[in-house]
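A look at the structure
What follows is each chain in one-letter form.
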Amino acid sequence: MPTWKKTLRAAGIHRLDLCDDYTRQRALVKEFAKKEYLAVRLLLPTALHPPVIAAVAFMHSTDERIDTGAVGARKHALAEWTAAALTAVDGPEPSENATLRTLADAVRRHPGLRRRIDTFLDGAHLEVDYTGHATEQDLQTYVDGYSLPAFMLMAAFVAPTRTGGRQASFEAACRALIEAMQRVDYLDDLAEDAADGVIGIPYQDLARHQLTVADISPGAHDAVRHSLTGLVHEQADLAQHQLHAAGVLPQLVEPEVRPFVTALWQMQNLKLSAIRNKGGNLVDGGAEAPMPAVLKILVSQYRAARRARE
């Protein structure tokens, strides 16, 4: 893994103030997405590390601003942030916000990112208005409108360079992967979300298993845990189906980014297995993929990345 200073140079980033901005975004991403950060640093071509980190930091900063508080305050926060972001990427003057300064720099170097930002911000109202999903269709609408555009801020950097059918297949596989990831996140966050009174699993599915949000608590009795296990396995099956559909992704991208895409897919399978194994005990908290297994994936794909570079 190259040093961060060498990484910035490889990406053509030399100005000290901009280097400092990117370094701050690196610390942010490393804090909230450790495994994914490590995959970026180990597996992607060096020049892609800073712009990918800038895009992920922007996605996270957006989400942080709009996913808590009263709806009115969240709408106001989104409007302000959207205006600031678009001014940053289109305007002549640098933003006062370090996240937006790095985003603007990433757009200058990778113009294709610009339309991804528009799509993401256009769908962010779905997060502002989010109160859980009444039905499966509500979940699908959320994935299409918000989860997928958020994912594509990063995935755009590993998209196939050729257009046509291959690009369409890539987008479809990304859609399958992010649906699986979203379902996994909803299951992993079940206890935390239930404590806040809103969960991501469609409420129609919860009711079908004769459960309520109030049932999901660390003190849940065995009958609740048993019912929840059935619901968790059902949701895990849906996620697994989408992961299977997304399994073509590594074959759709260029060889130099294939190890990263492969590792991302494999780590989601690990996470899903951990979720499934915990079952109804998710009322006590989420499930972590075994770190030795994660490291095995990263080591294997790091070797593949080195071979691709050579």
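Presented here is a report on the structure given in the accompanying data block. (Residues numbered from 1 in each chain as written. Predicted model: local features only at pLDDT ≥ 70, side-chain atom pairs only at ≥ 80, totals over all residues. Heavy atoms only, no water.)

Let us now look at helix H9 (residues 136-155). Helix length check: H9, at 20 residues, gives a terminal C-alpha distance of 25 Å against a target of 28 Å (1.5 Å per residue), a shortfall beyond 12%. Along its length, H9 shows its largest kink, about 40°, at Val 143. A large share of H9 lies buried, amounting to 15 of its 20 residues. (Helix = DSSP H or I, 4+ residues; strand = E, 2+ residues; numbered from the N terminus. Expected span 1.5 Å × (residues − 1). Bend = angle between axes of the 7 residues up to and from the residue. Buried < 20%, exposed > 50% of the residue type's maximum accessible area, 1.4 Å probe, protein only.)

Membership of the largest hydrophobic core comes to 103 residues, with the highest contact counts inside it found for Phe 58, Leu 113, Ile 117, Phe 151, Phe 170 and Phe 260. Filtering out sequence-adjacent residues up to four positions away, Phe 58 remains in contact with Trp 81, Ala 85, Thr 99, Leu 100, Leu 103, Ile 117, Phe 120, Leu 121 and Leu 153. (Core = buried A, V, L, I, M, F, W, Y, C linked by side-chain atoms within 4.5 Å. Contact = heavy atoms within 4.5 Å.)

Another aspect to go through is the packing of aromatic side chains. Going through the model one piece at a time under the given rule, you end up with five aromatic pairs. With centroids separated by 5.5 Å and ring planes inclined at 25°, the aromatic side chains of Phe 120 and Tyr 146 adopt a geometry described as stacked. In this pair, Phe 120 is assigned in helix H7 (residues 113-123) and Tyr 146 in helix H9, connecting sequence segments 26 residues apart. Judged by its relative accessible area of 5%, Tyr 146 falls in the buried class. The rings of Phe 58, Trp 81, Phe 120, Tyr 130, Tyr 142 and Tyr 146 are connected pair by pair, giving a single aromatic cluster. Above the ring of Trp 81, the side-chain terminus of Arg 65 is found at 3.7 Å from the ring centroid. (Phe/Tyr/Trp six-rings, centres within 6.5 Å; stacked < 30°, edge-to-face > 60°. Lys NZ or Arg CZ within 6 Å of the ring centre and 35° of its normal.)

Let us look at helix H6 (residues 98-109). Its twelve residues give H6 an end-to-end C-alpha distance of 17 Å, which sits within 8% of 16 Å, the value for a rise of 1.5 Å per residue. Across the twelve residues that make up H6, a large majority, nine, are buried. Listing the buried residues of H6 in full gives Ala 98, Thr 99, Leu 100, Thr 102, Leu 103, Ala 104, Asp 105, Ala 106 and Val 107. Of the surrounding elements, those touching the buried residues of H6 are helix H2 (16-32), helix H4 (49-66), helix H5 (71-90) and H7.

Moving on, we get to the environment of Phe 120. A relative accessible area of 0% places Phe 120 in the buried class. Distance from Phe 120 to Ser 147, taken between C-alpha atoms, is 8.5 Å for residues 27 residues apart in sequence. Leaving out residues up to four positions away in the same chain, Phe 120 has contacts with Phe 58, Met 59, Thr 62, Tyr 146, Pro 149, Ala 150 and Leu 153.

Before going further, it helps to examine the pattern of salt bridges. With the rule as written, the count across this model stands at 19 salt bridges. Of the charged contacts in the structure, one is a salt bridge between Glu 179 and Arg 183, with a shortest N-O distance of 3.1 Å. Of the two residues, Glu 179 and Arg 183 are both situated in helix H10 (residues 165-188); the distance of four residues between them amounts to about one turn of the helix. Arg 183 matches Glu 179 in its accessibility class, with the two residues each being buried. One salt bridge in this structure joins Arg 208 and Glu 234, with 2.8 Å as the shortest N-O distance. Residue Arg 208 is found in helix H12 (residues 203-208), and its partner Glu 234 is found in helix H13 (residues 222-245); the two are separated by 26 residues along the sequence. Relative accessible area serves as the criterion here: at 23%, Glu 234 is assigned to the partly exposed category. Linked by salt bridges that have partners in common, Glu 136, Asp 144, Arg 175, Glu 179 and Arg 183 make up one network. (Salt bridge = Lys/Arg side-chain N within 4 Å of Asp/Glu carboxyl O.)

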